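Secondary and tertiary structure notes
These are the residues of each chain, in order.
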Amino acid sequence: ITNRPIAVTETGWMSRERFGGGGDLEKLNELGLTGSEIEQVDYLDKLVEIATDSNLEFVNWAFIHDFRSWEEGDEPTDLEVFDSIGLKQNDGTTKPVWRVWLDLVEGLN
């Protein structure tokens, strides 16, 4: 515990609900270690709650856009578990968490 300001420099939650391709990541499905677009919103809500109750200086979401186009159940190739943590899909399509993020930013202004 500290009285110094705290910063979260990279955070996010995956919107991917399942992995495929028979690789090691497919085991994450069985363990329940995947996410969803709703879980992204829940995670951000919880993070805001924690930030409100602590000395959190700022939060930086890791990616605005998913860094590659992906589909549920496909086999990821690069940075597997991080391919779906963007606030928007790779093509710019917004996810529900994007609106929550914008509302937070607008509330700061």
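Moving on, we get to helix α2 (residues 37–52). With 16 residues, α2 extends 23 Å between its outermost C-alpha atoms, agreeing within 8% with the 22 Å of an ideal straight helix rising 1.5 Å per residue. All of the buried residues along α2 are Q40, V41, L44 and L47. Projected onto a plane normal to the axis of α2, the buried residues spread over an arc of 125 degrees and lie on a single side. Looking at the packing, one finds that the buried side of α2 touches β1 (6–11), β2 (56–61) and α3 (96–108).

Moving on, we get to the packing of aromatic side chains. Within this structure, the stated rule accounts for four aromatic pairs. A centroid spacing of 6.1 Å and a plane angle of 70 degrees characterise the contact between W61 and W101, whose relative ring orientation is edge-to-face. In this pair, W61 is assigned in strand β2 and W101 in helix α3, connecting sequence segments 40 residues apart. Neither residue differs from the other here; W61 and W101 are each classed as buried. Of the aromatic side chains, those joined through ring pairs into one cluster are W13, Y43, W61 and W101. Its end group placed over the ring of W98, K88 keeps NZ or CZ at 4.3 Å from the ring centre.

The next point concerns the environment of F63. By the secondary structure assignment, F63 is in the loop between β2 and α3. Distance from F63 to E49, taken between C-alpha atoms, is 21 Å for residues 14 residues apart in sequence. Among all residues touching F63, those that are not within four sequence positions of it are F82, I85, G86 and L87.

Basis of the calculations
Residues numbered from 1 in each chain as written. Predicted model: local features only at pLDDT ≥ 70, side-chain atom pairs only at ≥ 80, totals over all residues. Heavy atoms only, no water. Helix = DSSP H or I, 4+ residues; strand = E, 2+ residues; numbered from the N terminus. Expected span 1.5 Å × (residues − 1). Buried < 20%, exposed > 50% of the residue type's maximum accessible area, 1.4 Å probe, protein only. Arc of directions from axis to C-beta. Contact = heavy atoms within 4.5 Å. Phe/Tyr/Trp six-rings, centres within 6.5 Å; stacked < 30°, edge-to-face > 60°. Lys NZ or Arg CZ within 6 Å of the ring centre and 35° of its normal.

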